[in-house]
Amino acid sequence: MPTSSSHTLPLLLEPEDLAELLPLDGVLIIDQCKAETFLEHHIPGAVHLDFKRLQLGIAPTPGALPSNADLSAIFSELGLTPDTHVVCSDDEGGGWAGRLIWVLDSIGHKQYSYLNGGIVAWLDAGLPTESGASIPTASEYVVDYIDQSVSITKEQIKAALGSSKFAIWDARSPAEYSGEKAISPRGGHIPTAVNYEWTLGMDKSRALRIKELNTFKTQLAEMGLDKNKTIATHCQTHHRSGFTYLVGKILGLTMRAYAGSWAEWGSDTTTPVTTGKKP
């Protein structure tokens, strides 16, 4: 049994493969499922994180990062160290887990995996679980800078519109994209953005694992989301687009998260907006 797998765990980690390796030193399994789900059953050794804690929660950018001090406190409480390999899991097919991976990218922590399908796939595979609360062993993790290269701002998007090397993946529902449903003061989408709702990327017949990767990559390329472009992804608050950010990384695409998302864009009267079903 290896004592540490920080150099061997892949970005996309299958539940069965993780189960064979447990328990693992140097690995922190962070589960962002609903609290009641975690208490009922979770992966052995996992710790729970309320997904709301990794959101700023303040308009017009509720999906932005919390302060460095808050991030330091959260990850210290969870027991993160610079050498820890993080396994990210949730109960919804990868939105919150993908957002956690973006947060880890943002704080410069590059050792992580996504548990394919999260606890849904783990239970579907009949793998062992624990129940009850889990108390992490605290650390002293300090977030002292934010890597802006994994994100994109409203102003940067406005400047990049029209570039042949830039694309936008809108992870919201078709009704939000077209403007039929408006959560912000204005509905619609960013000009040139293409719409592929996040849940379409999950295979419901395989317990919410990511759909077959080659097919997924081809489908995205046909929409203009390919390796030759920098791809900004967003939803309303950068929750659903946590999944699309993650999938893009798995497929080798150059992804940038727009954390302001439509909450910010649709609330700004100076930003260009397109309505209708086509980009």
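A quick note: this is a predicted structure, and the numbers were derived from the prediction, not measured.

For the rest of this paragraph, the subject is the overall build of the chain. The secondary structure content of the chain amounts to ten helices and eleven strands. The C-alpha atoms of the chain give a radius of gyration of 18 Å, which matches the 19 Å a tight globule of 279 residues would have. Along the first, second and third principal axes, the C-alpha set of the chain runs to 55 × 40 × 35 Å. Expressed as a percentage of the 279 residues in the chain, the buried residues total 54%. With the model as given, the accessible surface of the chain reaches about 11,700 Å², and the carbon-plus-sulfur share is 53%. Here the chain contributes 23 positive and 32 negative side-chain charges, whose respective centroids are spaced 11 Å apart.

Overall, parallel pairing links the four strands, which are arranged 7-6-10-11 in an open sheet. Either end of the sheet is taken by a strand with one partner, and the two such strands are strand 7 (194-195) and strand 11 (254-257). Pairing of strand 6 (residues 166-170) with strand 10 (residues 230-234), which is carried by five bridges, proceeds in the parallel orientation. When the sheet's bridge partners are listed, Ala-167 is paired in strand 10 with Ile-231.

Our next topic: the confidence of the model for the chain. Averaged over every residue, the pLDDT of the chain is 95; the share at 70 or more is 97%. Below a pLDDT of 50 lies the segment residues 1-7, which in the model reaches 15 contacts outside its immediate sequence neighbourhood of four places, other chains included.

Here we take up the side chain of Asp-147. Take Asp-147: it is sitting in the loop between helix 5 (118-124) and helix 6 (154-160). Asp-147 sits in the buried class, given a relative accessible area of 17%. Separated by 2.7 Å, the side chains of Asp-147 and Ser-149 make a polar contact. Dropping the residues within four chain positions of it, Asp-147 is found in contact with Asp-105, Ser-106 and Lys-110.

Right, let's get into the nonpolar core. Core analysis: the largest hydrophobic core is formed by 50 residues, its most contacted members being Phe-75, Leu-104 and Trp-169. Element by element, the count of residues in this core is highest for helix 4 (residues 95-106), at six residues. Other than its neighbours up to four places away in sequence, Trp-169 contacts Val-194, Tyr-196, Phe-216, Leu-220, Leu-225, Ile-231, Ala-232, Thr-233, His-234, Thr-244, Val-247 and Met-255. Among the nonpolar cores identified, the runner-up in size contains 16 residues, and Leu-22, Ile-29, Ile-119 and Leu-127 belong to it.

Moving on: the pattern of salt bridges. Under the definition given, this model contains eleven salt bridges. In this structure, the salt-bridge partner of Glu-155 is Lys-158, at a minimum N-O distance of 3.9 Å. With Glu-155 and Lys-158 both in helix 6, this residue pair falls three residues apart, about one helical turn. Judged by relative accessible area, Glu-155 falls into the partly exposed class, the value being 49%. Looking at Lys-158, the relative accessible area reads 28%, which means it is partly exposed. Residues joined in a network through salt bridges with shared partners are Asp-105, Lys-110, Asp-147 and Lys-249.

Our next topic: the pairing of strand 6. Within strand 6, five of the five residues are buried, which leaves it mostly tucked inside the rest of the structure. Here strand 6 shows a buried face lined by Phe-166, Ile-168 and Asp-170 and a second buried face lined by Ala-167 and Trp-169.

We now examine the packing of aromatic side chains. Counted according to the given criterion, the structure contains six aromatic pairs. Ring geometry for Trp-169 and Phe-216: centres 6.4 Å apart, planes at 75°, overall edge-to-face. Separated by 47 residues along the polypeptide, Trp-169 in strand 6 and Phe-216 in helix 8 (residues 213-222) bring together distant segments of the chain. Accessibility classification places Trp-169 together with Phe-216 in one group, the buried group. A ring pair is formed by Tyr-196 and Phe-216, whose centres lie 5.5 Å apart and whose planes are at 40°; its orientation type is tilted.

With that out of the way, let us pick up the pairing of strand 5 (residues 112-115). Along any regular strand, the residues point their side chains to alternate faces of the sheet. The two faces of strand 5 match: Tyr-112 and Tyr-114 on one face and Ser-113 and Leu-115 on the other face are all buried. Pairing geometry for strand 4 (residues 85-89) and strand 5, over three bridges, is parallel. Bridge pairing links Val-86 to Tyr-112 in strand 5. One crossover worth recording links strand 4 to the parallel strand 5 by way of helix 4, and it is right-handed.

What follows deals with the packing of helix 4 against helix 9 (residues 240-250). For the pair helix 4 and helix 9, interaxial distance at closest approach is 6 Å and the crossing angle is 65°. One finds that helix 4 runs roughly perpendicular with respect to helix 9. Read as a crossing pair, helix 4 and helix 9 show a hand that is left-handed. On helix 9, the residues that touch Gly-95, Gly-98, Arg-99, Ile-101, Trp-102 and Asp-105 of helix 4 are Gly-242, Phe-243, Tyr-245, Leu-246 and Lys-249.

The rules behind the values
Residues numbered from 1 in each chain as written. Predicted model: local features only at pLDDT ≥ 70, side-chain atom pairs only at ≥ 80, totals over all residues. Heavy atoms only, no water. Helix = DSSP H or I, 4+ residues; strand = E, 2+ residues; numbered from the N terminus. Rg over C-alpha atoms; globule rule 2.2 N^0.38 Å. Buried < 20%, exposed > 50% of the residue type's maximum accessible area, 1.4 Å probe, protein only. Areas by Shrake-Rupley, 256 points an atom, 1.4 Å probe, with all protein chains shown as cover. Lys, Arg positive; Asp, Glu negative; His and termini not counted. Charge placed at Lys NZ, Arg CZ, Asp CG, Glu CD. Pairing = 2+ DSSP bridges. pLDDT = per-residue confidence, 0-100. Contact = heavy atoms within 4.5 Å. Polar contact = N/O pair within 3.5 Å; in protein donor to acceptor, adjacent residues only side chain to side chain. Core = buried A, V, L, I, M, F, W, Y, C linked by side-chain atoms within 4.5 Å. Salt bridge = Lys/Arg side-chain N within 4 Å of Asp/Glu carboxyl O. Phe/Tyr/Trp six-rings, centres within 6.5 Å; stacked < 30°, edge-to-face > 60°. Right-handed = clockwise from strand over helix to strand, strands pointing away. Axes fitted to C-alpha atoms, helices over the stretch in contact; angles between N-to-C directions. Parallel < 35°, antiparallel > 145°, perpendicular 65-115°, else oblique. Left-handed = near helix turned anticlockwise from the far one by under 90°.

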